[in-house]
Amino acid sequence: MAVQLTPSEREELREKYNAERDKRIRSDGNEQYQQPSGRFSNLLDDPYVQPADRDAIHDDVTVLIVGAGFAGLVTGARLKQAGITDIRLIDKAGDVGGVWYWNRYPGAMCDTAAMIYLPLLEETGTIPSAKYVPAPEIHAHAKRIATTFNLYEGALFSTGITSLDWDADASRYIVRTDRGDVIRARHLAMGTGPLHRAKLPGIPGLQSFKGHAFHTSRWDYEYTGGDPSGALMSNLSDKRVGIIGTGATSVQCVPHLSRAAKELFVFQRTPSAIDERNNHAIDPEWFSELKSGWQREWMMNFTTLQTMGFTDEDLVKDGWTDISLRIRDRVIEKVQAGEEFGPDTLLAAYEESDDEKMTEIRARVDSIVRDPQAAAGLKPWYRQLCKRPCFHDEYLQSYNNPGTHLIDTEGRGVERIDETGVWVNGVHYELDCLIIASGFEVGTSYSRRNGYDVAGRDGQLLSEYWSEGMHTLHGIHVHGFPNMYILGAAQAANLISNIPQNYVENSVAIAAVIAEAERTGAMAVEVTKDAEDAWIELISGVQRGLRGNSDCTPGYYNNEGKPMGRKEQLNSSGHPGGPIAFFEHLEAWRTSGEFEGLQFSRS
Ligand code: NDP
């Protein structure tokens, strides 16, 4: 039975939310975070493999894909399906997998259901073990895609790009790497994603800590014991461990730390909203009865419902679709009661259902956490979509463990760190080990995140061209950067709840464009300025959902609470009709065979 709130209770909530947000607004926004340096400079290294010695490569390929995460892998697979076989993947990591290569912290898993999150399940003949699967299974799936589509052939791992320059005379990108390679690529696909460069919290004294310390994206099992599959971290049994950050990562690893550490101190600035997980195994017999083409149907079903559309059935049925269906059904109720359909009705429906949902989430904290002070601290006072919604059945329960302590900084963050521990509210917490769960650079510039730039026609740098915000057609093609394809979500479907679907759909169009260029002998494919401008005009100013909402508590969903200028809006915009409208648009654009807006040049 859903909670019902009176108008005055809603008003009280508004005031409480505003007060909690105001506590957290900082003038430095994104600038509060530090880049990996000093004792944390190893955060840029790969602890999992010793790079093999190899000779520098000098060759020529049809397609070079930067990044071997799901974006690069799915694009590689689509290219193979389109008959393009001469492909080279490059990644700094020692294997494929992207974020699922780097993040091996205990408890890591994906909050989006495996049936729709794991791309190319049908093509690889894979049955997920459960509704939500753990990171090692996701990493294994990435490897399976690479094997199935023969993408290991020609792949270069432990290899960082140092420069990418368009050579107009040769109609090729000249790709240089930190292994001395110079590779000429006819086409360049950029699958570099936003979640690979760790950021550090801007806490005075962080570098001075003399105990053991690491970021969650480089978990040190040698120190903790245990392994990525969740085996007990027995080396922590006599240790006082601290973790800074309570986002999606921390929520997943805290239960493991709570079980293993002698004492665990969770330093919290803002609590996550934790809804129930309800995971269950997938029955192989049920799975075997799914009809060919089921995965696209499931993905489309999820995305339709997740963006408040209509389907006969909710196939995935999870916390994501629940959020949207509540809002959609509330809109229907209002319209049936005589209200006019429009932005005001939508907003009111959103606010009412969110107030109820968040009241339930706070009540869930009270029903699980026995210590009233900890329970009070763990309650989130903001709208569910202000931050990444979390789903977990063991996180809140961890605080019932007598060795696990919530250290609530009440929005201020950790005060300072010294050689032996962490200070909060004038109290010193002595620690043997400090784990940093402060996330990744999402809102910073492309060249800062990647450490290199792309030079297009006439040497123009991508970071310069985008200095006032992204400019693309479909989030893929960039004027002045022939034969380059961006693999992402922004300025396209902008589907955040199931990132791989962006790649699954966009890569079909990218493969079709490259196949067309190869078929017609085109040396260069470039979007015209007019087509790019028209696309920017179409998507400009469209802010779907709550991302960017300045009423929200700060986080990377809303530019850390700073007003979103045109640049930030462009970087997070999508098709005005939403993801499904974008996917339909892209399919029609591709299948028409006209590739409207692109110029294919033969010389
Ligand atoms: P986040 O950026 O989401 O969280 C960082 C945490 O560090 C926040 O709790 C933040 O507090 C806290 N923090 C930052 N500075 C300080 C400080 N000075 N003092 C105290 N606390 C501080 O990073 P995550 O690694 O948790 O997640 C990154 C993203 O990765 C997720 O949003 C999600 O997209 C993805 N992910 C998805 C998972 C899934 O599917 N389940 C699992 C893990 C990650 P504050 O909130 O106040 O800023």
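Residues numbered from 1 in each chain as written. Predicted model: local features only at pLDDT ≥ 70, side-chain atom pairs only at ≥ 80, totals over all residues. Heavy atoms only, no water.

- In its Cofactor (unreviewed entry) section, UniProt records this for the protein chain: "FAD".
- Under Sequence similarities (unreviewed entry), UniProt gives the following word-for-word description of the protein chain: "Belongs to the FAD-binding monooxygenase family." (UniProt positions renumbered as here; feature names shortened; annotations may be inferred.)

1. Let's talk about the sheet that holds strand 12 (residues 416–417)
Stage number 1. Strands sit in the order 12-13-14 across an open sheet of 3 strands; the sheet is antiparallel. Of all strands in the sheet, those bounded by a partner on one side alone are strand 12 and strand 14 (427–430).
Stage number 2. Note: strand 12 against strand 13 (residues 421–424), 2 bridges, orientation antiparallel. Across the sheet, Ile 417 pairs through a bridge with Val 422, a residue of strand 13. (Pairing = 2+ DSSP bridges. Helix = DSSP H or I, 4+ residues; strand = E, 2+ residues; numbered from the N terminus.)

2. Let's talk about empty space enclosed by the protein
Stage number 1. Counted under the stated rule, the structure contains 4 cavities of 30 Å³ or more.
Stage number 2. In this model, the largest cavity occupies a volume close to 50 Å³.
Stage number 3. Lining the largest cavity we find Ile 323, Arg 326, Ile 327, Tyr 350, Ser 353, Asp 354, Lys 357 and Gln 384.
Stage number 4. Broken down by element, the residue count for the lining of the largest cavity peaks at 4 residues, all from helix 12 (residues 343–368).
Stage number 5. Classifying every residue of the lining of the largest cavity by side-chain character gives 3 nonpolar, 2 polar and 3 charged. (1 Å grid on protein atoms, 1.4 Å probe; cavity = no way out; pocket = protein on both sides within 12 Å on 5 of 7 lines; lining within 4 Å. Points joined across faces, edges and corners; volume = space filled by probe spheres on them. Nonpolar A, V, L, I, M, F, W, Y, C, P; charged D, E, K, R; others polar.)

3. Some remarks on the nonpolar core
Buried together is how nonpolar side chains tend to be arranged in soluble globular proteins.
Stage number 1. Formed by 111 residues in total, the largest nonpolar core has its most connected members in Phe 70, Leu 73, Trp 219, Ile 243, Leu 257, Val 369 and Tyr 395.
Stage number 2. Considering each element in turn, this core owes the most residues, 8 residues, to helix 17 (residues 499–520).
Stage number 3. Sequence-distant contacts of Phe 70, that is, excluding residues within four places in its chain, are made with Trp 100, Tyr 117, Leu 118, Pro 119, Ile 138, His 141, Ala 142, Ile 145, Pro 500 and Tyr 503.
Stage number 4. Leu 156, Ile 161, Tyr 173 and Leu 188 belong to the second largest nonpolar core, which has 27 residues in total. (Core = buried A, V, L, I, M, F, W, Y, C linked by side-chain atoms within 4.5 Å. Buried < 20%, exposed > 50% of the residue type's maximum accessible area, 1.4 Å probe, protein only. Contact = heavy atoms within 4.5 Å.)

4. Digging into the packing of aromatic side chains
Stage number 1. The full count for this structure, using the stated rule, is 21 aromatic pairs.
Stage number 2. Between the aromatic rings of Trp 286 and Trp 298, the centroid separation amounts to 5.9 Å while the plane-to-plane angle is 70 degrees, which identifies the pairing as edge-to-face. Highlighted residues: Trp 286 in helix 9 (residues 284–288) and Trp 298 in helix 10 (residues 294–306), separated in sequence by 12 residues.
Stage number 3. By relative accessible area, Trp 286 is classed as partly exposed at 36%.
Stage number 4. Exposure remark for Trp 298: the relative accessible area of 9% places this residue in the buried category.
Stage number 5. Counting every residue linked through ring pairs, the aromatic cluster contains Trp 286, Phe 287, Trp 294 and Trp 298.
Stage number 6. The positively charged end of Arg 277 is found above the aromatic ring belonging to Tyr 132, 3.5 Å away from the centroid.
Stage number 7. For the cation-ring pair, Arg 416 lies above Trp 423, with the distance from its terminal atom to the ring centre recorded as 4.4 Å. (Phe/Tyr/Trp six-rings, centres within 6.5 Å; stacked < 30°, edge-to-face > 60°. Lys NZ or Arg CZ within 6 Å of the ring centre and 35° of its normal.)

5. Here we look at the site of the ligand
Stage number 1. In the vicinity of the ligand lie 27 residues, with Thr 249, Arg 269, Thr 270, Lys 387 and Tyr 556 positioned nearest.
Stage number 2. Within the side chain of Arg 269, an N or O atom sits 2.8 Å from an oxygen atom of the ligand.
Stage number 3. Take Ala 437: an N or O atom from its main chain is 3.4 Å from an oxygen atom of the ligand.
Stage number 4. Against a free-state accessible area of 920 Å², the protein chains account for coverage of 90% of the ligand.
Stage number 5. Per-element accounting of the shell around the ligand gives the leading share, 3 residues, to helix 8 (residues 248–260).
Stage number 6. Here the shell around the ligand is composed, by residue class, of 13 nonpolar, 9 polar and 5 charged. (Near = heavy atom within 4 Å. Polar contact = N/O pair within 3.5 Å; in protein donor to acceptor, adjacent residues only side chain to side chain. Areas by Shrake-Rupley, 256 points an atom, 1.4 Å probe, with all protein chains shown as cover.)

6. Points about the pairing of strand 2 (residues 87–90)
Stage number 1. What you see with strand 2 is no split at all: Ile 87 and Leu 89 on one side and Arg 88 and Ile 90 on the other are buried throughout.
Stage number 2. Bridge count between strand 1 (residues 58–66) and strand 2: 4 bridges; the pairing is parallel. Among the inter-strand pairings, Val 63 is bridged to a residue of strand 2, identified as Ile 87.
Stage number 3. As a crossover connection, the stretch from strand 1 through helix 2 (residues 70–81) into strand 2 is right-handed. (Right-handed = clockwise from strand over helix to strand, strands pointing away.)

7. A look at the domain arrangement of the protein chain
Stage number 1. Domain assignment breaks the protein chain into domain 1 (1–32 + 297–386), domain 2 (58–197 + 442–542 + 577–601) and domain 3 (201–272 + 391–439).
Stage number 2. Put simply, the middle of domain 1 and the middle of domain 2, counted by C-alpha atoms, are 33 Å apart.
Stage number 3. Domain 1 puts 13 residues into the contact, and the matching count from domain 2 is 17 residues.
Stage number 4. Both faces considered, domain 1 and domain 2 share a buried interface measuring about 1,300 Å² in area, 69% of it formed by carbon and sulfur atoms.
Stage number 5. When the area that domain 1 buries against domain 2 is broken down by residue, the three leading residues are Met 299, Met 300 and Thr 303, summing to 41%.
Stage number 6. The tally of links from domain 1 across to domain 2 stands at 0 salt bridges.
Stage number 7. For the pair domain 1 and domain 2, the interface holds 5 residue pairs in polar contact (both at pLDDT 80 or more).
Stage number 8. The element best represented in the side of domain 1 that touches domain 2 is helix 10, accounting for 7 residues.
Stage number 9. Among the residues making up the side of domain 1 that touches domain 2, the classes are represented as 6 nonpolar, 5 polar and 2 charged. (Domains from an automatic or database assignment. Buried area = accessible area lost by both parts, 1.4 Å probe. Salt bridge = Lys/Arg side-chain N within 4 Å of Asp/Glu carboxyl O.)

8. Description of unusual backbone geometry
Stage number 1. If you check the backbone angles, Leu 120 has positive phi at about 60 degrees while not being a glycine.
Stage number 2. Positive phi outside glycine occurs at Ser 158, with the angle close to 50 degrees.
Stage number 3. With respect to the helices and strands, the residue Ser 158 is situated in the loop between helix 6 (135–148) and strand 3 (161–167).
Stage number 4. By relative accessible area, which is 15% here, Ser 158 ends up buried.

9. Concerning the pairing of strand 7 (residues 240–244)
Stage number 1. Across the 5 residues of strand 7, 4 count as buried, placing the element largely inside the fold.
Stage number 2. Handedness of the β-α-β unit built from strand 7, helix 8 and strand 8 (residues 263–268) comes out right-handed.
Stage number 3. Alignment of strand 7 against strand 15 (residues 433–436), held across 4 bridges, turns out to be parallel. Across the sheet, residue Ile 243 finds its bridge partner in strand 15, namely Ile 435.

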